[in-house]
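Inside the fold
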Amino acid sequence: MSDESHNLEPGSKFGKHLIMRKLGQGGMGEVYEVEHELTRKRHALKLLNKEVTASSGALSRFNREATVMARLEHPGIVKVDDSGETDGCHWFRMELMEGFEVSGKRVITLEDYVEFKGVDGRLPPLELKSILMEILDALSCAHEKGLV
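Quantities reported herein were computed from a predicted structural model and do not represent experimental measurements. (Residues numbered from 1 in each chain as written. Predicted model: local features only at pLDDT ≥ 70, side-chain atom pairs only at ≥ 80, totals over all residues. Heavy atoms only, no water.)

What follows concerns a nonpolar patch on the surface. Together, Leu 110, Leu 128, Leu 132, Met 133, Ile 135, Leu 136 and Leu 139 line one region of the surface with nonpolar side chains, adding up to about 620 Å² of accessible area. Here the nonpolar patch gets six residues from one element, more than from any other, and that element is helix 4 (residues 125-144). Take Leu 110: it is sitting in helix 3 (residues 110-117). (Patch = residues over 30% accessible without salt bridge, like charges linked within 9 Å, V, L, I, M, F, W, Y side chains within 5 Å. Areas by Shrake-Rupley, 256 points an atom, 1.4 Å probe, with all protein chains shown as cover. Salt bridge = Lys/Arg side-chain N within 4 Å of Asp/Glu carboxyl O. Helix = DSSP H or I, 4+ residues; strand = E, 2+ residues; numbered from the N terminus.)

Structure representation (structure tokens):
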């Protein structure tokens, strides 16, 4: 592992989790799809970069995010169910969002959905309004708990 990123390889172990694949990377760290060694349940595992940990307040913000997300109960927000430190690396574990099926095609992101359902990169106004209302409802829930 480098100080900047973890770059865990599929098949490697991180604590009690088997790394399946990297889902994404952002300014604070990486997110991996993992499988728990005992339950065989799949989760998303967010790892804080060690370099970011050294910056002032980053670890407390990361821990606050995990704590608040664990308390959120909303169908539009992933649930955090565990957190900790392994080999000097701070992490939290959350639900793995696998998307949903639309007319036989699996969609995971809003971009996937627009690409599949939209016309010229746009959704019909009523459908867009419905999606935006769901997003705003989730943001409102997060705001009430102090996350946003």
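Space inside the largest pocket adds up to approximately 1,100 Å³. As for the largest pocket, its lining consists of 29 residues, of which Gly 76, Ile 77, Val 78, Met 97 and Ile 108 are closest to the centre. For the lining of the largest pocket, the element with the highest residue contribution is helix 4, accounting for six residues. Taken together, the residues of the lining of the largest pocket break down into 20 nonpolar, four polar and five charged. (1 Å grid on protein atoms, 1.4 Å probe; cavity = no way out; pocket = protein on both sides within 12 Å on 5 of 7 lines; lining within 4 Å. Points joined across faces, edges and corners; volume = space filled by probe spheres on them. Nonpolar A, V, L, I, M, F, W, Y, C, P; charged D, E, K, R; others polar.)

Among the structural elements, Leu 18 can be located in strand 2 (residues 17-25). Taking the C-alpha atoms as reference points, Leu 18 and Arg 42, separated by 24 residues in sequence, lie 9.3 Å from one another. Here Leu 18 is in contact with Gly 11, Ser 12, Glu 33, Val 34 and Glu 35, once residues within four sequence places are set aside. (Contact = heavy atoms within 4.5 Å.)

On to the nonpolar core. Core analysis: the largest hydrophobic core is formed by 19 residues, its most contacted members being Ala 44, Met 69, Leu 72, Ile 77, Val 80, Phe 92 and Met 94. Per-element tally for this core: the top contributor is helix 2 (residues 58-71), with five residues. Ignoring sequence-local partners within four residues, the contact set of Phe 92 consists of Ala 44, Leu 45, Lys 46, Phe 62, Glu 65, Ala 66, Met 69, Val 80, Asp 82 and Ser 83. Counting residues in each nonpolar core, the second largest holds nine residues, with Ile 19, Tyr 32, Leu 45 and Trp 91 among its members. (Core = buried A, V, L, I, M, F, W, Y, C linked by side-chain atoms within 4.5 Å. Buried < 20%, exposed > 50% of the residue type's maximum accessible area, 1.4 Å probe, protein only.)

Turning our attention to the pattern of salt bridges. Side-chain pairs of opposite charge can arise where the charged atoms are in close proximity. According to the stated counting rule, one finds eight salt bridges in the structure shown. A salt bridge links Arg 42 to Glu 35; the nearest nitrogen and oxygen atoms lie 3.4 Å apart. Close ionic contact of Arg 93 with Asp 81 constitutes a salt bridge, the shortest N to O distance being 2.9 Å. Pair noted here: Arg 93 is in strand 6 (residues 89-94) and Asp 81 is in strand 5 (residues 80-86), with a separation of twelve residues, a long-range link. Residue Arg 93 is classed as buried on the basis of its relative accessible area, which comes to 10%.

Here we take up helix 4. Helix length check: helix 4, at 20 residues, gives a terminal C-alpha distance of 28 Å against a target of 28 Å (1.5 Å per residue), a fit within 8%. On its buried face, helix 4 sits against helix 3. Among the residues trailing helix 4, Gly 146 stands out with phi positive, at a value near 85 degrees. (Expected span 1.5 Å × (residues − 1).)

Moving on to the pairing of strand 5. Note that strand 5 and strand 6 share six bridges and pair antiparallel. From the neighbouring strand, Thr 86 faces strand 6, where its bridge partner is Cys 89. Linking two consecutive strands that pair antiparallel, namely strand 5 and strand 6, is a turn of two residues; a positive phi of about 50 degrees is found at Asp 87 within it. (Pairing = 2+ DSSP bridges.)

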